[in-house]
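# Structural features, examined
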Number of protein chains: 2
Amino acid sequence: MGLRHVDMFALAADLVVFALEDTRLKILLIRRGNSPFKGHWALPGGFLEKGETLEQCAERELAEETGIELRHLKPLGTFSKPGRDPRGDVISVAYMALVRTDGLTVTAGSDAREAAWVPMDKLPKLAFDHAKIIDTARTRLTDDLYQSQAVFSLLPDSFTLAEAQSVFEQIIGEPLDKRNFRSWLHKEGILQETGEERRGAHRPAKLYSLEEGGL
Amino acid sequence: MGLRHVDMFALAADLVVFALEDTRLKILLIRRGNSPFKGHWALPGGFLEKGETLEQCAERELAEETGIELRHLKPLGTFSKPGRDPRGDVISVAYMALVRTDGLTVTAGSDAREAAWVPMDKLPKLAFDHAKIIDTARTRLTDDLYQSQAVFSLLPDSFTLAEAQSVFEQIIGEPLDKRNFRSWLHKEGILQETGEERRGAHRPAKLYSLEEGGL
DNA sequence: GCAAAAGTGTTATCCCTACACCCATGA
DNA sequence: TCATGGGTGTAGGGATAACACTTTTGC
């Protein structure tokens, strides 16, 4: 028995890409160049092609559309509600990525008229069911916060503890106690001092990096 | 732009259904009646049809093939490796369910020549990449054990604490301390005494049921 | 009365939380 | 010298983990 009498669908991989830009947690959005939802903001993503996995598709689309240095890619879920795409039967498989923006320029490509980092608390109306996908991603991000070191992929190679704390605070949406956060980091043993310091307007801050063997 | 130039795929929902049978934790498998993998054991599941979500598809297939009283259905993941199905481009979206077998008979239907509850530690060789899917399900089951009351869906309406403990022990694969397990249950407040007892070969055991408002 | 499963508390340890002051620097 | 962010320790409460004996029943 082959697949002759089986319904067929298009599959899209959509990406919720988080990054720190300007010390704020943001999501990568594109403005669509084609219908449907022409001119609307949407998640980057694209159609699965034969011969690749959905994860590869997500990686390819992200690279094609933005040239971003990929770090973590987590499966988020499948969105299959009939009618979610006005073109017809499109199932979306969503992935989540955490990237860092140091020296990175986002360039709009192919279907994207524009691409931009948008603060999470200032999201515009989104095409398709992408608002729901982002919601799933935010929930997942907070749920996994303390279980994986993935969040550190948002930070550059070396960073101050205050910067790390700020990331955690933005994700959970409330302030953390400085000493408790630091003693938690110490207990986990996931960071190491680089020996360097960041000098700014005030007392210099020690720089840290992820312990070798992380990820 | 429509979907004319986009690759199309068949989508299957596959189910990892856990149940307690004969006090042992088992998985529902079918023996395939058609090629490919004719005569091999596989997970129950079937193709997505237009107009339904993948979750509805999974529920429908489970009902069609087994008539099982459905309790919990959790999305597990997407399996899209090219070549995973010899018929061609089939993407599998896996779900997990926990059911109870009291007074339930599994009847093989449609594509299934046979359907059976198979102990988790005695799984046969499986069709497609279903062994991998089961592996994902087992990991998920253990990860979520203490976070949700879903496991109690494996047990009948009323049960003894020893039976509940046995379920937990089979899932994590190691023995638990009786007193600690009970005080944890007490702290969580998820069970209530029914007032009944189960009488057996020895001292009778009190029966418990899930606190109202569970799930 | 004996074999077998049911039932029951306490203690030590670890982790989490709350909380306030001094330090080093640039301006 | 002062304003600003960087850096540090402790004490109390709650949860977890280890641990053994008595009770009740059927046979």
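Our structure's up above, just so we're on the same page.
Please read these numbers as outputs of a predicted model, since none were measured by experiment.

### Thoughts on the packing of aromatic side chains
Each aromatic ring pair is summarised here by two numbers: the centre-to-centre distance and the angle between the ring planes. Under the counting rule described, the total for this entry stands at 16 aromatic pairs over all chains. With a centroid separation of 5.9 Å and an interplanar angle of 25 degrees, the aromatic rings of Phe152(B) and Phe159(B) are classed as stacked. Accessibility classification places Phe152(B) together with Phe159(B) in one group, the buried group. Clustering of aromatic rings is evident, with ring pairs tying together Tyr146(A), Phe152(A), Phe159(A), Phe168(A), Phe181(A) and Trp184(A). Lying over the aromatic face of Phe9(B), Lys50(A) brings its terminal NZ or CZ to 5.4 Å of the ring centre.

### A look at the protein's contact with DNA strand C
Close to DNA strand C lie 19 residues, the nearest being Ala201(A), Pro204(A), Lys178(B), His202(B) and Lys206(B). Counting only the atoms of DNA strand C within 4 Å of the protein, the fraction contributed by sugar and phosphate is 45%. Within the side chain of Lys178(B), an N or O atom sits 2.6 Å from a base nitrogen of DNA strand C. Here a phosphate oxygen of DNA strand C sits 3.4 Å away from a polar atom, N or O, in the side chain of Arg182(B). Split by residue class, the surface near DNA strand C holds five nonpolar, four polar and ten charged.

### Considerations on the interface of chain B and chain A
Opposite the 28 residues of chain B that make contact, chain A presents 28 residues. Regarding the contact of chain B and chain A, the summed buried area is about 2,600 Å², with carbon and sulfur atoms giving 65% of it. Across the pair Lys50(A) and Asp89(B) runs a salt bridge whose closest N-O atoms are separated by 2.6 Å. On inspection of chain B and its partner chain A, the count reaches nine residue pairs in polar contact (both at pLDDT 80 or more).

### Quick look at the relation of the copies chain B and chain A
Of the two same-sequence chains, chain B is brought onto chain A (RMSD 0.2 Å, axial shift 0.0 Å) by a rotation of 179 degrees. Seen this way, the second copy is the image of the first under a two-fold rotation axis. When the interface residues of chain B are mapped onto chain A, 100% of them again lie at the interface, so the same face is used by both copies.

### Some remarks on unusual backbone geometry
Residues and elements named next belong to chain A. Put simply, Ser35 and Pro36 share a cis peptide bond, and its omega is 0 degrees. Tracing the chain through its elements places Pro36 in the loop between strand E2 (24–32) and strand E3 (41–42). Of note in this structure, Thr23 is not a glycine but carries a positive phi near 65 degrees.

### Side note on the nonpolar core
The biggest cluster of nonpolar side chains holds 40 residues, and the ones touching the most others in it are Leu11(A), Val17(A), Leu11(B), Val17(B) and Leu54(B). Only strand E1 (10–21), helix H1 (54–66) and strand E6 (90–100) of chain A together with strand E1 (10–21), helix H1 (54–66) and strand E6 (90–100) of chain B provide two or more residues apiece to this core. Those residues within four positions of Leu54(B) in sequence are excluded, and the remaining contacts are Thr78(A), Ser80(A), Ile91(A), Leu11(B), Ala13(B), Leu48(B), Val93(B) and Tyr95(B).

### Here's the deal with the packing of helix H3 (residues 161–172) of chain A against helix H4 (residues 178–188) of chain A
All names here are of chain A. H4 packs onto H3 with a crossing angle of 100 degrees between their chain directions and a minimal axis gap of 11 Å. Between H3 and H4, the angle is such that the two are roughly perpendicular. In contact with Leu161, Ala162, Ala164, Gln165 and Phe168 of H3, H4 contributes Lys178, Phe181, Arg182, Trp184 and Leu185. When the residues that make up the contact of H3 with H4 are grouped by side-chain class, the tally is seven nonpolar, one polar and two charged.

### Digging into the protein's contact with DNA strand D
Residues in contact with DNA strand D amount to 19 residues; listed here are only the nearest, Lys178(A), His202(A), Lys206(A), Ala201(B) and Arg203(B). Take the atoms of DNA strand D that sit within 4 Å of the protein: sugar and phosphate atoms are 42% of them. Asn180(B) is positioned with one of its side-chain polar atoms (N or O) 2.9 Å from a base nitrogen of DNA strand D. Here the surface near DNA strand D is composed, by residue class, of five nonpolar, four polar and ten charged.

### Remarks on the pattern of salt bridges
Going through the model one piece at a time under the given rule, you end up with 33 salt bridges over all chains. In this structure, Glu49(A) engages Arg60(A) in a salt bridge whose closest nitrogen and oxygen atoms are separated by 3.7 Å. One end of the pair, Glu49(A), is in the loop between strand E4 (45–47) and H1; the other, Arg60(A), is in helix H1, and eleven residues separate them in sequence. Arg198(B) is the partner of Glu163(B) in a salt bridge, and the nearest nitrogen-oxygen pair spans 2.2 Å. Residue Glu163(B) is found in helix H3 (residues 161–172), and its partner Arg198(B) is found in strand E8 (residues 191–198); the two are separated by 35 residues along the sequence. A relative accessible area of 26% places Glu163(B) in the partly exposed class. The exposure class assigned to Arg198(B) is partly exposed, which follows from its relative accessible area of 34%.

### Some words on the pairing of strand E9 (residues 205–210) of chain B
All names here are of chain B. In the sheet, E8 pairs with E9 via five bridges, with the strands oriented antiparallel. The residue bridging Glu197 from the neighbouring strand is Lys206, located in E9. Once E8 ends, the chain turns through six residues before running back antiparallel as E9.

### Let's talk about H1(B)
All names here are of chain B. Counted at 1.5 Å a residue, the expected span for H1 with its 13 residues is 18 Å, and the 18 Å between its end C-alpha atoms agrees. Along H1, the positions that sit buried rather than exposed are Leu54, Cys57, Ala58, Arg60, Glu61, Leu62, Glu65 and Thr66. Trailing H1 by a residue or two, Gly67 shows a phi angle of about 70 degrees, which is positive.

What counts, and where the lines are drawn
Residues numbered from 1 in each chain as written. Chains lettered and ligands numbered in written order. Predicted model: local features only at pLDDT ≥ 70, side-chain atom pairs only at ≥ 80, totals over all residues. Heavy atoms only, no water. Phe/Tyr/Trp six-rings, centres within 6.5 Å; stacked < 30°, edge-to-face > 60°. Buried < 20%, exposed > 50% of the residue type's maximum accessible area, 1.4 Å probe, protein only. Lys NZ or Arg CZ within 6 Å of the ring centre and 35° of its normal. Near = heavy atom within 4 Å. Polar contact = N/O pair within 3.5 Å; in protein donor to acceptor, adjacent residues only side chain to side chain. Nonpolar A, V, L, I, M, F, W, Y, C, P; charged D, E, K, R; others polar. Contact = heavy atoms within 4.5 Å. Buried area = accessible area lost by both parts, 1.4 Å probe. Salt bridge = Lys/Arg side-chain N within 4 Å of Asp/Glu carboxyl O. Least-squares fit on C-alpha atoms with pLDDT ≥ 70 in both. Helix = DSSP H or I, 4+ residues; strand = E, 2+ residues; numbered from the N terminus. Core = buried A, V, L, I, M, F, W, Y, C linked by side-chain atoms within 4.5 Å. Axes fitted to C-alpha atoms, helices over the stretch in contact; angles between N-to-C directions. Parallel < 35°, antiparallel > 145°, perpendicular 65-115°, else oblique. Pairing = 2+ DSSP bridges. Expected span 1.5 Å × (residues − 1).

Note that all results are geometric; they support no functional claim without further evidence.
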